[in-house]
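So the chains spell out like this:
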Amino acid sequence: MKQYKQKILIGVAAGMIGMGFVGGGTFAFFSDTETTQNSFVSGTLDLELQSPNESGELDIALKDIKPGDKKTYSINLHNAGSLTFKDVLLTSTYSIKDKNNDNKKADFADHIFVKITNKDSGDVISDYIPISELKDVTLAEGQVSESTTKLQFDFWFKDNEGDQNMFQGDELKFDLIFHASQEKAE
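If you're wondering where the values come from, they're calculated on a predicted model, not measured in any experiment.

### As for unusual backbone geometry
Backbone phi values are negative for most residues with the exception of glycine, while trans is the configuration of most peptide bonds.
Thinking step 1. The phi dihedral of D136 is positive, around 50°, even though this residue is not glycine.
Thinking step 2. Among the structural elements, D136 can be located in the loop between β5 (124–130) and β6 (137–141).
Thinking step 3. Classification of D136 as exposed rests on a relative accessible area of 53%.
Thinking step 4. We note that E146 has phi near 65°; this positive angle belongs to a residue other than glycine.
Thinking step 5. Following the sequence through the fold, E146 ends up in the loop between β6 and β7 (148–157).

Structure (structure tokens):
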């Protein structure tokens, strides 16, 4: 009888295991999955200097100037990027070629002045200041993508009503450096 009970128990256990496999194999539940397509693309800062006329020239060349002479140039600042400029700053670097080595301590760049005006608003951005002091002048603020700021540069060889013979034949080479920066992150 013991053997018979063991056989029955083994049979019942085997049946339960078999039923477990059958039941487990057919057990199902509902599910759903969704996916998003994500990416990060950084914006661009792209300051373009544009000539307001068809010549396309932006370099400033004043020749045979004398004390009292004035010359006007225009430059357009175009935001060709996708981000708004926080500001556009102007700085200058320069060098002087003293033809006769007679300038002593006089700086030719102290005698060449520039006035910068926003042509659209008529606002004077910087009244006549010497090229030697042209540092971090704010030309534009909050300039949005695909917009243009039109600037007028008036250069003046200031006549100090004194002897400026030491500057005859001298050459002032200068770079105007335009620097656009981004707005602060949100």
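### Considerations on the nonpolar core
Nonpolar side chains in soluble globular proteins tend to end up buried together.
Thinking step 1. Judged by nonpolar contacts, the single largest core of 26 residues is most densely connected at L90, V114, I131, L134, L139, F153 and F178.
Thinking step 2. Elements with a minimum of two residues in this core: β2 (70–79), β3 (85–97), β4 (112–118), β6, β7 and β8 (171–182).
Thinking step 3. In contact with L139, not counting residues within four places along its chain, are L77, V88, L90, I116, I125, T149, L151 and F178.

### Regarding the layout of surface pockets
One simple way to see leftover space: roll a probe sized like a water molecule over the atoms.
Thinking step 1. Reported here for the largest pocket is a volume of approximately 530 Å³.
Thinking step 2. Contributing to the lining of the largest pocket are 20 residues, with L62, I65, F108, D170 and E171 lying nearest its centre.
Thinking step 3. Mapped onto the lining of the largest pocket, the elements with two or more residues apiece are β7 and β8.
Thinking step 4. When residues in the lining of the largest pocket are grouped by element, the largest group, 3 residues, is from β8.
Thinking step 5. Residue classes in the lining of the largest pocket are distributed as 12 nonpolar, 3 polar and 5 charged.

### Description of the packing of aromatic side chains
Thinking step 1. Tallied over the full model, the rule gives 8 aromatic pairs.
Thinking step 2. A centroid spacing of 5.7 Å and a plane angle of 50° characterise the contact between F113 and W156, whose relative ring orientation is tilted. With F113 in strand β4 and W156 in strand β7, this pair connects stretches of sequence that are 43 residues apart.
Thinking step 3. With relative accessibility at 12%, the residue F113 sits in the buried group.
Thinking step 4. Centroid distance Y128 to W156: 5.1 Å. Interplanar angle 70°. Geometry classified as edge-to-face. Residue Y128 is found in strand β5, and its partner W156 is found in strand β7; the two are separated by 28 residues along the sequence.
Thinking step 5. Aromatic ring contacts, followed pair by pair, group Y73, F153, F155, F174 and F178 into a single cluster.
Thinking step 6. The ring of W156 is capped by K70, whose NZ or CZ atom sits 5.1 Å from the centre of that ring.
Thinking step 7. Over the face of the ring belonging to Y73 we find K71, whose NZ or CZ atom lies 5.9 Å from the ring centre.

Rules used throughout
- In every chain, residue numbers begin from 1 and rise along the written sequence.
- Reporting in this predicted model follows two pLDDT cut-offs: at least 70 for local features of residues, and 80 or more for side-chain atom pairs to be given and counted; totals over whole chains, interfaces and linings ignore these cut-offs and use all residues.
- Side-chain numbers come from the whole structure's heavy atoms, not from hydrogens or water.
- A run of H or I in DSSP becomes a helix once it reaches four residues, and a run of E becomes a strand once it reaches two; helices and strands are each numbered from the N terminus.
- Throughout this description, buried means an accessible area under 20% of the type-specific maximum (1.4 Å probe, protein chains only), exposed means over 50%, and partly exposed covers the range between.
- By convention a nonpolar core is built from buried Ala, Val, Leu, Ile, Met, Phe, Trp, Tyr and Cys residues, the set being connected through side-chain atoms within 4.5 Å.
- Residues count as neighbours in contact if any of their non-hydrogen atoms are within 4.5 Å of one another.
- Here the term cavity refers to a set of points on a 1 Å grid, laid over the protein atoms alone, in which a 1.4 Å probe fits but cannot get out; the term pocket refers to an open set having protein on both sides within 12 Å along at least five of seven lines, with lining residues being those that place an atom within 4 Å of a point.
- Grid points are joined across faces, edges and corners, and a volume is the space filled by probe spheres set on the points.
- Any residue outside Ala, Val, Leu, Ile, Met, Phe, Trp, Tyr, Cys, Pro, Asp, Glu, Lys and Arg is labelled polar, Gly included; the first ten of those are nonpolar and the last four are charged.
- In this analysis, rings of Phe, Tyr and Trp, with Trp reduced to its six-membered ring, are considered paired at centre separations within 6.5 Å, and the interplanar angle assigns stacked below 30 degrees, edge-to-face beyond 60, and tilted for intermediate values.
- Look at NZ for Lys and CZ for Arg. If either is within 6 Å of the ring centre and within 35 degrees of the ring normal, a charge sits over the ring.

Keep in mind these values describe shape, not function.
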